[in-house]
Amino acid sequence: MANENKGYYGNKILAVMVLLMLPMSLIMNTASIFYTPCTEELGVSLSAFGANLTIIMLGSAFGAPFVTTPLTRKIKLRWLLSAALAVEAACFAVRAVTSSILVFYATSVFISLPMGLLCNVSIPIVANAWFPKKPGSAIGIMASSQGLGGMLFSALGGVLIQNIGWRNTFWVWVVICVIFIPFAAIIMRNDPSEVGQTTQGVDTQASASSAAELPGMTREHAFRTSTFWLLGILLIASSFCANVNAYINSYSQQLGMSAAMAGLVSAMIQLGVFVNKILLGNICDRKGARVGGLFYVASGICCFLLIIFSGGNIVPIMLGCFLIGPLYSSVNLYGPIMTRTLFGTKDQPRIWAIYVMLFCTFGGSAATIWGVIIEQVGYAGAFRFVIGLLVVVGALILLVTSLRKKTVEKWDTPEIAAEEQA
């Protein structure tokens, strides 16, 4: 076929999604660089300004099941993602001209929707539609550029704020968002049928039948299984452990590192996220969800052991920060993979949207909780607590994956369930 000779269109989709994660990283990954200049000019406290992130997290949490996921069923992704970037640009433009923290809060509500759509909702939908044979690798590649964007734009933003001020830096963010809109509008497609192709590695007949009846169970059916709630606890606990990374920078400074050196520590975390999202996705595809899960648990334990026993030496701290990458990547990457593995593709977007709501809701308060824990037991005590919690997460991974066969037996397509068990 002529279309096949041109190559698989899914590769273009993958490249576009990688690009779209770059402007998405402007929302959360560069937020910290605006804290000092904005609070000084607006005359508000750090906690008052930090509430913006909490609003974004909560907006993303409740927007996933009630707004963004339903919209993906009614509107083509090319237009939905284009609109998301336009909303993001508009919010940055409003922030550039306002002097009210209340306006910042209002824009946080609106910007939470493109945040949730780009980061949590669209990635597994695209992976399932275009790369059903290797969804983990596809998710890892798409999500990895978030860390890359965080590294790039945090460094660029710091220079821009110093030279042209935070308001003009927001205008630069507007331009960056607008630049990426044509990529989504022109190239993005929902599935191979829109360009006259079939899914790579799936024959035409299988593709047609899967379009009529996807294997798996409905969200309502999943709610009635113990596996659904166990996976929810697993993802919340993983997210809670990952969110302690926000305090590694201040821990490094407490050990005597300069602010610049501690900044390198933060950059190493982002580098670890970039590299390890791709690695974790490949491990899940090649070795299965159980091995992938135990990998990020083991990596996280090694990370905090190195940090605790570093003795103030920057080398083990930097290595530990790199090793936090799989743990930091676990929810947005491992979560969709486990959802697909346990409940199939029949209603995965709606099931995954509930998990997004759960871990974003708890994640929004995790930084505050970790602050309280550190005040009570110190940094080392908090990091030891993470290690203990990761052991529990590892046990949950073993339990949930052991229940997979029983869960698959309840899928709505018995013949596919039997094939999965073979």
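Treat the numbers as computed from the prediction; the structure is a model and nothing was measured.

How do you make sense of the packing of aromatic side chains when you look at a structure like this?
Summed over all chains, the structure comprises 26 aromatic pairs. Taken together, a centroid distance of 6.0 Å and an interplanar angle of 40 degrees make the contact between Tyr 9 and Trp 130 tilted. Highlighted residues: Tyr 9 in the loop between α1 (2–5) and α2 (10–28) and Trp 130 in helix α6 (residues 101–130), separated in sequence by 121 residues. Taking the relative accessible area as the measure of exposure, Tyr 9 reaches 15% and is therefore buried. For Trp 130, a relative accessible area of 0% puts it in the buried group. Seen in terms of ring centroids, Trp 352 and Phe 359 are 5.7 Å apart; in terms of plane orientation they differ by 45 degrees. Their pairing is tilted. Overall, the relative accessible area of 6% leaves Phe 359 in the buried class.

Can you help me understand α6 in this one?
Because an α-helix packs 3.6 residues into every turn, residues spaced three or four apart end up facing the same way. Look at α6: 42 Å from first C-alpha to last across 30 residues, which is about the 44 Å you get at 1.5 Å a residue. Where α6 bends most, at Ser 122, the angle is about 45 degrees, and the proline Pro 124 comes one to four residues later. Within α6, 23 of the 30 residues are buried, which leaves the element mostly enclosed by the surrounding structure. Structurally, the start of α6 carries an N-cap: the backbone nitrogen of Leu 102 is 3.2 Å from a side-chain oxygen of Ser 100.

What should I look at first to understand the pattern of salt bridges in this one?
Pairing is possible between side chains that carry opposite charge, provided their charged atoms lie close to one another. Evaluation of the coordinates by the stated rule reveals five salt bridges. For the salt bridge of Glu 41 with Arg 167, the shortest nitrogen-to-oxygen distance reads 2.9 Å. A residue pair is termed long-range when its members are at least 10 positions apart, and Glu 41 in helix α3 (residues 35–42) and Arg 167 in helix α7 (residues 135–187) qualify at 126 residues. Residue class for Glu 41 comes out partly exposed when judged on its relative accessible area of 48%. With its nearest N and O atoms 2.9 Å apart, the salt bridge here joins Asp 347 to Arg 73. Note that Asp 347 is positioned in the loop between α15 (325–343) and α16 (348–402) and Arg 73 in the loop between α4 (46–72) and α5 (77–97), a separation of 274 residues in sequence. Asp 347 sits in the buried class, given a relative accessible area of 5%. Among the ionic contacts, a cluster of salt bridges with common partners joins Arg 73, Glu 220, Asp 347 and Arg 350.

What's the story with the nonpolar core in this structure? I'm lost.
Within soluble globular proteins, side chains that are nonpolar tend to cluster in buried spots. The biggest cluster of nonpolar side chains holds 130 residues, and the ones touching the most others in it are Met 17, Trp 173, Leu 234 and Phe 304. Sorting elements by how many residues they give to this core places α16 first, with 24 residues. Residues in contact with Phe 304, not counting those within four places in the same chain, are Val 244, Ile 324, Leu 327, Phe 383, Val 386 and Ile 387.

Which parts of the structure should I look at to understand the packing of helix α13 (residues 289–308) against α15?
When two helices pack together, their arrangement is given by the angle between the helix axes and by the axis-to-axis distance. Packing of α13 against α15 leaves a shortest axis separation of 10 Å and a crossing angle of 165 degrees. For the element pair α13 / α15, the angle class is roughly antiparallel. Two packed elements cross with a definite hand, and for α13 against α15 that hand is left-handed. In this structure, α13 uses Ala 289, Arg 290, Gly 292, Gly 293, Phe 295, Tyr 296, Ser 299, Gly 300 and Phe 304 to contact α15, whose residues at the interface are Pro 326, Leu 327, Ser 330, Tyr 334, Met 338 and Thr 341.

What is the right way to look at α2 in this model?
Taking 1.5 Å as the rise per residue, α2 with 19 residues should run 27 Å; its terminal C-alpha atoms sit 28 Å apart, in good agreement. The axis of α2 is deflected most strongly, by about 25 degrees, at Leu 22, and proline Pro 23 appears within four residues downstream.

Conventions and cut-offs
- Residues numbered from 1 in each chain as written.
- Predicted model: local features only at pLDDT ≥ 70, side-chain atom pairs only at ≥ 80, totals over all residues.
- Heavy atoms only, no water.
- Phe/Tyr/Trp six-rings, centres within 6.5 Å; stacked < 30°, edge-to-face > 60°.
- Helix = DSSP H or I, 4+ residues; strand = E, 2+ residues; numbered from the N terminus.
- Buried < 20%, exposed > 50% of the residue type's maximum accessible area, 1.4 Å probe, protein only.
- Expected span 1.5 Å × (residues − 1).
- Bend = angle between axes of the 7 residues up to and from the residue.
- Polar contact = N/O pair within 3.5 Å; in protein donor to acceptor, adjacent residues only side chain to side chain.
- Salt bridge = Lys/Arg side-chain N within 4 Å of Asp/Glu carboxyl O.
- Core = buried A, V, L, I, M, F, W, Y, C linked by side-chain atoms within 4.5 Å.
- Contact = heavy atoms within 4.5 Å.
- Axes fitted to C-alpha atoms, helices over the stretch in contact; angles between N-to-C directions.
- Parallel < 35°, antiparallel > 145°, perpendicular 65-115°, else oblique.
- Left-handed = near helix turned anticlockwise from the far one by under 90°.

As far as function goes, none of this settles anything; it's purely spatial.
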